[in-house]
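Topology and contacts: notes
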Amino acid sequence: MMSQMEGGCPVDYNTITDLFLQRNMIREATAFLLDVLKPNLPEHAFLQTKVLEINLVTFPNVADAILANGMFSHYDRPRIAQLCEKSGLYVRALQHYSELPDIKRVIVNTHAIEPQALVEFFGTLSPEWALECMKDLLLVNLRGNLQIIVQVAKEYCEQLGVATCIKLFEQFKSYEGLYFFLGSYLSSSEDPDIHFKYIEAAAKTGQIKEVERVTRESNFYDPEKTKNFLMEAKLPDARPLINVCDRFGFVPDLTHYLYSNNMLRYIEGYVQKVNPGNAPLVVGQLLDDECPEDFIKGLILSVRSLLPVEPLVDECEKRNRLRLLTQFLEHLVSEGSQDVHVHNALGKIIIDSNNNPEHFLTTNPYYDSRVVGRYCEKRDPTLAVVAYRRGQCDDELINVTNKNSLFKLQARYVVERMDGDLWGKVLDPENEFRRLLIDQVVSTALPESKSPEQVSAAVKAFMTADLPHELIELLEKIVLQNSAFSGNFNLQNLLILTAIKADPSRVMDYINRLDNFDGPAVGEVAVEAQLYEEAFAIFKKFNLNVQAVNVLLDNIRDINRAVEFAFRVEEDAVWSQVAKSQLREGLVSDAIESFIRADDATHFLEVIRAAEDADVYHDLVKYLLMVRLKTKEPKVDSELIYAYAKIDRLGDIEEFILMPNVANLPNVGDRLYDEALYEAAKIIFAFISNWGKLAITLVKLKQFQGAVDAARKANSAKTWKEVCFACVDAEEFRLAQICGLNIIVQVDDLEEVSEYYQNRGCFNELISLMESGLGLERAHMGIFTELGVLYARYRHEKLMEHIKLFSTRLNIPKLIRACDEQQHWQELTYLYAQYDEFDNAATTVMNHSPEAWEHMQFKDIIVKVANVELYYKAVHFYLQEHPDLINDVLNVLALRVDHTRVVDIMRKAGHLRLVKPYMVAVQSNNVSAVNEALNDIYVEEEDYDRLRESIDLHDNFDQIGLAQRIEKHELLEMRRVAAYIYKKAGRWKQSIALSKKDNLYKDAMETASQSGDRELAEELLVYFIEQGKKECFASCLFVCYDLIRPDVALELAWMNNMIDFAFPYLLQFIREYTGKVDELIKDKIEAMKEAKAKAEDEKDVIMQQNLYAQLLPLALPAPPMPGMGGGYPAPPPMGGMGMPPMPPFGMPPMGSY
């Protein structure tokens, strides 16, 4: 209640607390202090410390609750920390200590501190202090505090640093702590050192399963380092080491370690269950370690088909222990294995043992010939040849036979292979053994061969190798001498081909003596070899007449022989070839006759093209009539009509088009028209009703009336234009106007017609055409506009009337350009205004005023322009040409122009007075330039009334400058205006001085009063006394009443014998101050009454509170405090706690807090 009193408790809080404590009223004292210390003020630091001390000594749990609430922050923290430590509140002590030795002393009491609270406290320490505390905990009780240290390291590893934590555990050789710490961090780390240390810690703490798991799953540890550690550790379980070596390729090291430590069971388990693919490496290392063969054989047989054969054979072959695999390989073969490596190894073993190797090499289909052959080369070259022959290993067989001079075997192999690339290789001039091989081929291999294909392949190879002479002799011996190959088709071909290439003089003899050869192919080869007569003989012998005549035409180039040959054989195909050749040679008439003999209509396009080039249309008509009997082609019928037209057979054209035909008549008509065959084109266009083309054709024939009639039927703009232009050129203007009226209704064609008329100087006829077009139902804007343009160019007098009548139907921009070109300024201005181009309209008027200016029109235009600069250009324009109307224009522009700029323009021109009415009208805007200009005019005119009115209403001007100019004016009123300006500007001294100079004392007194400056007012009083102006002295006292000090006024009046003149001022002053004193007395009396009433209210409140306190139970008497009076004995001191004795204070349970 006391703490809630208004204005605070009148008694000291410490005194009240001591009163409670003297009576052992711990509860009341604590409650009181908690209540009064709620604001947590710095000046209450002592009381905060005191309430905590009381409860830490008596009831530590209550102090703990107070500290937990965090309501105090200004108490003595070191003192409270000591008390918390002595009271067993170690967590609170840690929170309050700020020195490392104190914290290290308290923190070792882990038996009395909640682990979680201790872990959270470590989060408040710096990394350095935290590490020091962790070291102390491990030093005091490594086993007991290890779990807490691990938890702290896990929680704050980022702040402490993982490496620092690891170093800490290693310092105390606590591998168990290191194991638990790194176990939580391992999954998120990729540091190889961390993974290795975890493996090391797990191994040293006996966590073999965890070591096995990490070595199997982790990808981040250093394999070499881990392998070396595990080998040194010699764990009873070798699976971790197996994982490392298997994953990172240390299988030989693993095998050596396991064999050296007699851990054969793990070798078998690794090969059989973990990775059979690495069994070859295991076997190789066991062989190096001189392991018994029985164990190795058993190990290999235990894996069987899972074992990779190739690397196993390589490992054994490198150590010359291939026989070790005999049983294993035979077992695989018996199971049906077709693995090439199995059979390669078995073959090598058979070759080494010389156990009928030729049978194996010729019958076994699975071994690799290159591998086994290479193995045989140094042991038995003939066996290598057998192996290479079986696998067709050409390069290897050639090399081994060359090296060992086995050319007979090489020749037989090459002949049997029949491979062109192989023949090319052995017959290469670069081959030093070629001559030896050829001898064996000729003498042994080919005579032994019974295969024509082998002989043919050999002959071709000889040809390719450019050995023609040897080849011819060989072939003559085989073919021409009665042997088994005399009638061989291929050999006869080869003999003739070889002769064509090597000895052409023998070719004709061979053609006559041989019958069983490929005539067409050999004939083509003869043609390529330029043996044309031999080729003609071959084709003629085999009745290939077309090829024969082609040789005569294309190669021998004798058309006469070809014609004779054609007459002799009488074949259509032959005549056709002759005809084509004649056509190529330009014998068009002969070619057409030959085509007719061949009855060949397939080349009509070439014939037509050639006939047109040669201008032989009579022959072409005969040919096309023949072609029409065989085919129905539009091209044929069309060309026939064209040919009739070229030879002027118009009647045949009319007869032909009435008959059924497939001619493309539109194209024919266009072609005839293009080539100026107008009469024929007229027949075609009239027949197909192509009125447009017909009209154009009639124009070309000068039949203009017919052309107009045709154009009317065509009703096409293009046709109308062509006919119209033709009529204009022929000066048929009546017909041209008929056409033109149908053209100008099309907007796109109007301008073209107009330009055509104008280019030919037909201006009147064009205007007449346009005027006639105005009355058309389809008349459009273009007609009206174009007529306006024509008026602008040729009939200016009609232009304005036309514009005003049809302004809504005109293309105004186009007409504007025309008027601008023709310099019709009045009409141009009108058009600009109609088109809302007011800027251009105003510019035109000002630039061409003699013709375009009209005042009312210009006023309407100028207020609508968008370019502000035109306003000022208009001002210049009127100032130069119409100064009497400038105010009228400026009044119109008053809301749009910059008045300052207008004034500057007029001032520079020296005609400022000319726009005085305008400036008076716009002065309400309070523009500085306007105000100064008018004020200057008023000064010049000495119109002080208008000047004062201007100054009062419009203050935006250089007031001081104006005042300085007129303060010496000869007129008194002007000088008075200057003083007035100084007063408005706040220059009170200058205003008063100017008023005093002109004896304007009333103005001086008013200025002093308005200034609010006591010094100025008193100086003015002194001035009046000095001048002997007693009445002015009295007046000044009243005018400046608020500024003049009474003592100064009385002193001046008394000293200058003016008391009578100062007495009215004195009476007024006394009356004013008497009223003020009365008001103060009244206010004081009211304040005293209010204070008395407030005191009585407070007394009533205290009495009510005392009545409530009497209803509460009485408290036990408290012993007196040390140093205070009273009859109670002092309590015994609290020894054994390392603190000075304190009086014990009893305190009931804190249920009410």
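Residues numbered from 1 in each chain as written. Predicted model: local features only at pLDDT ≥ 70, side-chain atom pairs only at ≥ 80, totals over all residues. Heavy atoms only, no water.

Focus on the overall build of the chain
A tally of regular secondary structure across the chain gives 74 helices and zero strands. Relative to the compact-globule value of 32 Å for 1153 residues, the chain shows a C-alpha radius of gyration of 67 Å, a clear excess of over 25%. Considering only C-alpha atoms, the chain reaches an extent of 180 × 130 × 55 Å along its principal axes. Counting only residues that meet the buried cut, the chain has 45% of its 1153 residues in that class. (Helix = DSSP H or I, 4+ residues; strand = E, 2+ residues; numbered from the N terminus. Rg over C-alpha atoms; globule rule 2.2 N^0.38 Å. Buried < 20%, exposed > 50% of the residue type's maximum accessible area, 1.4 Å probe, protein only.)

Here we look at the packing of helix H15 (residues 208–217) against helix H17 (residues 239–248)
Between H15 and H17, the least distance of the axes is 8 Å, while the angle of their chain directions is 5°. One finds that H15 runs roughly parallel with respect to H17. Touching Ile 208, Val 211, Glu 212, Val 214, Thr 215, Arg 216 and Glu 217 of H15 are Arg 239, Pro 240, Asn 243, Val 244 and Arg 247, all from H17. Here the residues of the contact of H15 with H17 are counted per class, giving five nonpolar, two polar and five charged. (Axes fitted to C-alpha atoms, helices over the stretch in contact; angles between N-to-C directions. Parallel < 35°, antiparallel > 145°, perpendicular 65-115°, else oblique. Contact = heavy atoms within 4.5 Å. Nonpolar A, V, L, I, M, F, W, Y, C, P; charged D, E, K, R; others polar.)

Considerations on helix H7 (residues 100–107)
Of all the positions in H7, only Leu 100, Ile 103, Val 106 and Ile 107 are classed as buried. One side of H7 holds all its buried residues, which, seen down the axis, span an arc of 130°. Looking at the packing, one finds that the buried side of H7 touches helix H5 (77–86), helix H6 (90–96), helix H8 (115–122) and helix H9 (127–140). (Arc of directions from axis to C-beta.)

Brief notes about a nonpolar patch on the surface
Where nonpolar side chains cluster on the molecular surface, the patch consists of Trp 1054, Met 1055, Ile 1059, Phe 1063 and Leu 1067 and spans about 570 Å² of accessible area. Contributing elements (two or more residues each) for the nonpolar patch: helix H73 (1046–1055) and helix H74 (1059–1109). Element by element, the count of residues in the nonpolar patch is highest for H74, at three residues. Topologically, Leu 1067 is positioned in helix H74. (Patch = residues over 30% accessible without salt bridge, like charges linked within 9 Å, V, L, I, M, F, W, Y side chains within 5 Å. Areas by Shrake-Rupley, 256 points an atom, 1.4 Å probe, with all protein chains shown as cover. Salt bridge = Lys/Arg side-chain N within 4 Å of Asp/Glu carboxyl O.)

A word on the nonpolar core
Counting 158 residues, the largest nonpolar core has Phe 122, Met 134, Phe 181, Leu 329 and Trp 423 as its most contacted members. Ignoring sequence-local partners within four residues, the contact set of Trp 423 consists of Val 414, Val 415, Met 418, Val 441, Ala 457, Ala 458, Ala 461 and Phe 462. Formed by 106 residues, the second largest nonpolar core is a distinct cluster that contains Phe 725, Ala 736, Met 770 and Tyr 982. (Core = buried A, V, L, I, M, F, W, Y, C linked by side-chain atoms within 4.5 Å.)

Focus on the environment of Asn 55
Mapped onto the elements, Asn 55 comes out in helix H3 (residues 45–58). Along the chain, Asn 55 and Pro 813 lie 758 residues apart, while their C-alpha atoms are 103 Å from each other.

Let's talk about the packing of aromatic side chains
Enumeration according to the criterion identifies five aromatic pairs in this entry. Residues Phe 196 and Phe 229 carry aromatic rings whose centres are separated by 5.8 Å and whose planes lie at 80° to one another, so their mutual orientation is edge-to-face. Of this pair, Phe 196 sits in helix H14 (residues 192–204) while Phe 229 sits in helix H16 (residues 223–233); the two residues are 33 residues apart in sequence, bridging distant segments of the chain. The buried category is assigned to Phe 196, whose relative accessible area is 7%. Using a relative accessible area of 11% as the deciding quantity, one classes Phe 229 as buried. A cation over an aromatic ring shows up here: Arg 390 above the ring of Tyr 367, its NZ or CZ 4.0 Å from the ring centre. Above the plane of the ring of Tyr 1073 lies Lys 1076, whose end atom (NZ or CZ) is 4.7 Å from the centre. (Phe/Tyr/Trp six-rings, centres within 6.5 Å; stacked < 30°, edge-to-face > 60°. Lys NZ or Arg CZ within 6 Å of the ring centre and 35° of its normal.)

Overview of the pattern of salt bridges
Considering all chains together, one arrives at 17 salt bridges under this definition. Between Asp 394 and Arg 417 there is a salt bridge; the shortest N-O distance is 2.9 Å. Of the two residues, Asp 394 is situated in helix H28 (residues 394–404) and Arg 417 in helix H29 (residues 407–417); the sequence distance between them amounts to 23 residues. Look at the salt bridges and you will find they share partners, linking Glu 210, Glu 212, Arg 213, Arg 216 and Glu 217 into a network.

With respect to the side chain of Asn 243
Residue position: Asn 243 is located in helix H17. Only 3.1 Å separates the side chain of Asn 243 from the backbone oxygen of Glu 212, close enough to count as a polar contact. Apart from residues lying up to four places away in sequence, Asn 243 is in contact with Glu 212, Thr 215 and Arg 216. (Polar contact = N/O pair within 3.5 Å; in protein donor to acceptor, adjacent residues only side chain to side chain.)

What to know about the state of the cysteines
By definition, a disulfide links two cysteine residues through a covalent bond between their sulfur atoms. In the structure shown here, the tally under the stated rule is zero disulfides. A disulfide-free cysteine, Cys 133 has its sulfur positioned 14 Å from the sulfur of Cys 165, the nearest such atom. (Disulfide = S-S within 2.5 Å.)

Structural notes on a negative patch on the surface
Taken together, Asp 1078, Glu 1079, Asp 1083, Glu 1086 and Glu 1090 make up a surface patch of like negative charges. Looking at the secondary structure, you find Glu 1090 in helix H74. (Lys, Arg positive; Asp, Glu negative; His and termini not counted. Charge placed at Lys NZ, Arg CZ, Asp CG, Glu CD.)

Describing the confidence of the model for the chain
Reading fine detail from the predicted coordinates is not recommended where pLDDT is low. Per-residue confidence for the chain averages 76 on the pLDDT scale, and 92% of its residues sit at or above 70. Mean pLDDT across the elements of the chain ranges from a minimum in helix H33 (residues 468–480), with 67, to a maximum in H17, with 85. Every residue in residues 1–8 is under pLDDT 50, and counting partners more than four places away or in other chains gives eight contacts. Low pLDDT, under 50, characterises residues 1111–1153; the predicted model gives this stretch 69 contacts beyond four residues in sequence or across chains. (pLDDT = per-residue confidence, 0-100.)

Here's the deal with helix H31 (residues 434–448)
With 15 residues, H31 should cover 21 Å at 1.5 Å per step; its first-to-last C-alpha distance of 20 Å lies within 8% of that length. Helix geometry: H31 is bent most strongly at Val 441, by close to 45°. By the burial criterion, the buried members of H31 are Leu 437, Ile 438, Val 441, Thr 444, Ala 445 and Leu 446. (Expected span 1.5 Å × (residues − 1). Bend = angle between axes of the 7 residues up to and from the residue.)

Here we look at the side chain of Ser 995
Looking at the secondary structure, you find Ser 995 in helix H69 (residues 988–997). Once residues within four sequence positions are removed from consideration, Ser 995 is found in contact with Ala 979, Leu 1000, Asp 1003 and Ala 1004.

Points about the packing of helix H60 (residues 855–862) against helix H61 (residues 869–881)
It is at 11 Å that the axes of H60 and H61 come closest, and there the two elements cross at 160°. Our classification of the angle between H60 and H61 gives roughly antiparallel. In this structure, the crossing between H60 and H61 has a hand that is left-handed. Packed against H60, whose contacting residues are His 855, Phe 858 and Ile 862, the element H61 presents Leu 870, Tyr 871, Ala 874 and Tyr 878 at the interface. (Left-handed = near helix turned anticlockwise from the far one by under 90°.)

Digging into unusual backbone geometry
Positive phi, close to 55°, is recorded for Met 418, a residue that is not glycine. Following the sequence through the fold, Met 418 ends up in the loop between H29 and helix H30 (420–426). Within the chain, Asn 926 stands out as a residue other than glycine whose phi angle is a positive 60°. The topology assignment puts Asn 926 in the loop between helix H64 (916–922) and helix H65 (928–941). Relative accessible area serves as the criterion here: at 23%, Asn 926 is assigned to the partly exposed category.

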